[in-house]
Amino acid sequence: MSRVRLLEHDEAPLPAKGFFRDDGSASPLTRSLVNAPDLLETFMPFLAQIYAPGSVDLATKELVILRVSQLNTCRYCLAAHRPAALAAGVSPESLAAVCDEAALDGLTERERVLVEWVDRYTVDPGGLDDELVARALDHFRDDELIELALVAGVTQLLNHYCTAFAIPPP
């Protein structure tokens with residue numbers, strides 16, 4: 001059971017009603033966030049921009065989202081992003097590996113470096129050393145690595161939010 005109210009469309013403050021689908025439905029995450037409509041108006045476009053295709057493709061972003069969510073054991077984000085990752089083109093084998101259900105050695109070199117970078121960035125950001133960053137930059141440009149850092153950071157924020165408030169998986 002969620003630790004914050006999950007508002008229905010008819011309970012939502014007027015400024016937050018636009019975040020519901022046409023049929024009045026919304027994800028449990030959105031239904032929790034509509035309790036703070038002023039923050040929602042800033043946060044949702046920011047989240048959409050970070051998670052949208054940019055210099056980094058959606059499949060790579062989904063690998064990052066899943067790996068960070070796995071490290072943080074966020075049930076909500078893992079449940080929400082498994083289908084999104086597959087739809088973005090992540091292979092079932094890569095999905096299983098980043099979720100610790102299969103060995104990482106089945107990943108491509110680029111994916112292995114990404115997972116190692118994400119693990120360090122998420123668990124021990126001060127431990128990101130020049131050697132690991134150099135290996136990451138063999139596969140990603142500076143702007144892409146910055147974008148991936150923002151994806152990982154926003155995902156960590158959402159993982160903490162969803163876990164702390166026991167937001168039920170979609």
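Below is a short write-up of the structure.

Quick notes on the rules
Going along each chain's sequence as written, the residues are numbered from 1 onward. Residues qualify for local features only when their pLDDT is at least 70, as the model is predicted, and side-chain atom pairs are given and counted only at 80 or more; totals for whole chains, interfaces and linings, by contrast, use all residues. Here the side-chain values reflect all heavy atoms present in the structure, with hydrogen atoms and water set aside. Within this document, salt bridges are pairs made up of a side-chain nitrogen of Lys or Arg and a carboxyl oxygen of Asp or Glu, the two lying within 4 Å of each other. In this description a helix means any DSSP run of H or I spanning at least four residues, a strand means any run of E spanning at least two, and both kinds are numbered starting from the N terminus. Angles here are taken between N-to-C directions and fall from 0 to 180 degrees, while the axes themselves are lines fitted to C-alpha atoms, restricted in helices to the stretch in contact. Under this scheme an angle from 65 to 115 degrees is roughly perpendicular, one under 35 degrees roughly parallel, and one over 145 degrees roughly antiparallel; angles in between are oblique. A crossing counts as left-handed when the near helix is turned anticlockwise from the far one by less than a right angle, and as right-handed when that turn is clockwise. In what follows, residue pairs with any heavy atoms lying within 4.5 Å of each other are defined as contacts. Whenever a nitrogen or oxygen atom comes within 3.5 Å of another N or O atom, the pair is scored as a polar contact, on the condition that within protein one atom can donate a hydrogen and the other can accept it, and that pairs from neighbouring residues in sequence are kept only if both atoms are in side chains.

What follows covers the pattern of salt bridges. Under the definition given, this model contains 13 salt bridges. Each member of the salt-bridge network shares a partner with another, and the members are Glu116, Arg120, Asp129, Glu131 and Arg135.

So, about unusual backbone geometry. For Asp100, which is not a glycine, the phi torsion comes out positive at approximately 60°. With a phi angle near 55°, Ala166 is a residue other than glycine that sits in the positive phi range. If you trace the backbone, Ala166 turns up in the segment after α8 (142-164).

Turning next to the packing of helix α6 (residues 109-123) against helix α7 (residues 130-137). Look at α6 against α7: their axes get within 9 Å of each other, and the N-to-C directions meet at 140°. One finds that α6 runs oblique with respect to α7. Relative to α7, α6 is oriented so that their crossing is left-handed. From α6, Val113, Glu116, Trp117 and Arg120 reach across to α7, where they touch Leu132, Arg135 and Ala136.

Glancing now at the environment of Glu101. For Glu101, the location among the structural elements is in the loop between α5 (92-98) and α6. Once the C-alpha coordinates of Glu101 and Leu6 are considered, the two residues, 95 residues apart in sequence, prove to be 31 Å apart. Excluding residues that lie within four positions of it along the chain, Glu101 makes contacts with Arg82 and Ala96. A distance of 2.4 Å separates a polar atom in the side chain of Glu101 from a polar atom in the side chain of Arg82.

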